[in-house]
Protein chains: 2
Amino acid sequence: MKAKIHIMLKNGVLDPQGKAVGHALASLGFDGVNEVRQGKYIEIDLAETDRAKAGGVVDRMCKTLLANTVIENYVIEFE
Amino acid sequence: MKAKIHIMLKNGVLDPQGKAVGHALASLGFDGVNEVRQGKYIEIDLAETDRAKAGGVVDRMCKTLLANTVIENYVIEFE
């Protein structure tokens, strides 16, 4: 089963990557851009087929390696 | 209106970030991981409220700045 994980900086945490993209878009002539935020997207293909078990495993993966929970939020979906 | 963009390396293009995450997970004792692929996730808050127009603008943003279409695919969603 495939886990899809979105990792974003928490609201209020400065997002320099997003700011850089926003400025680059403005300098290319794209106006009307209010805000840009950039995060990570990770797809993990798991051998596990039980959704509840996979959920627990992926949650531990996020907490121990993938996300810095001090400044980042993560959302896990399965397909 | 908010555009949500997923940018992933095309299938067949080596994904060293994903490979590194996979190896790190294995070394932390997570087994049963078949494959990891890592991409970018960008949220753009636009002043534009017309969905068709916004779609065209964001598509141009992807082609000119956000994605390297030689090796990357992108998917745009709106909310």
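For every chain, the first residue of the written sequence is number 1, and numbering continues from 1 along that sequence. Lettering for chains starts from A, numbering for ligands starts from 1, and both go in the order in which the items are written. With the structure being a predicted model, the display of local features is reserved for residues of pLDDT at least 70 and the display and counting of side-chain atom pairs for 80 or more, all residues being used for whole-chain, interface and lining totals. Each side-chain value is derived from all of the structure's non-hydrogen atoms; neither hydrogens nor water enter the calculation.

Draft legend 1. Layout of the confidence of the model for chain A. With 100% of its residues at a pLDDT of 70 or more, chain A has an overall mean of 96. Among the prediction metrics, the complex's ipTM stands at 0.91, with pTM recorded as 0.92. pLDDT is defined as a per-residue confidence score from the predictor, taking values between 0 and 100.

Draft legend 2. Structural context of helix 2 (residues 51-66) of chain B. Residue and element names in this part refer to chain B. By definition, any uninterrupted DSSP run of H or I lasting at least four residues is a helix, any uninterrupted run of E lasting at least two residues is a strand, and each is numbered from the N terminus. To estimate how far a helix should extend, the number of its residues minus one is multiplied by 1.5 Å. Along its 16 residues, helix 2 runs just 19 Å from first to last C-alpha, ending more than 12% under the 22 Å computed at 1.5 Å per residue. Three or more residues of helix 2 are buried, namely A54, V58, M61, C62 and L66. Down the axis of helix 2, the buried side of the element spans an arc of 100 degrees, and every buried residue falls inside it. In helix 2, those exposed residues whose orientation departs by more than 90 degrees from the buried face are A52, K53 and T64. A side-chain oxygen of the first residue of helix 2 lies 3.1 Å from the backbone nitrogen of A52; this N-cap is D50. Only protein chains enter the calculation, and the probe is 1.4 Å; a residue is then buried if its accessible area is under 20% of its type maximum, exposed if over 50%, and partly exposed in between. As used here, the arc belongs to the directions running from the helix axis to the C-beta atoms. Polar contacts, as counted here, are pairs of nitrogen or oxygen atoms within 3.5 Å of one another; within protein the pair requires one atom able to donate a hydrogen and one able to accept it, and residues that are adjacent in sequence qualify only if both atoms are side-chain atoms.

Draft legend 3. Structural context of the pattern of salt bridges. All names here are of chain A. Salt bridges are defined by distance alone: a side-chain nitrogen of Lys or Arg within 4 Å of a carboxyl oxygen of Asp or Glu. For the structure shown, the criterion picks out eight salt bridges over all chains. E35 serves as the salt-bridge partner of R37, at 3.6 Å between the closest nitrogen and oxygen. A relative accessible area of 13% means that R37 is categorised as buried.

Draft legend 4. Inspection of the relation of the copies chain B and chain A at higher detail. The atoms used to superpose the copies are C-alpha atoms, taken from residues with pLDDT of at least 70 in both, and the fit is least squares. Mapping chain B onto chain A is achieved by rotating through 180 degrees and translating by 0.0 Å along the same axis, at an RMSD of 0.0 Å. Both copies of the chain, as the preceding transformation shows, are related through a two-fold rotation axis. Closest approach to the rotation axis within chain B is made by the C-alpha atom of B:K40, at a distance of 2.5 Å. Residue contacts follow a heavy-atom distance rule, with two residues in contact if any of their heavy atoms lie within 4.5 Å. Residue by residue, 100% of the interface of chain B is reproduced at the interface of chain A, so both copies engage with the same surface.

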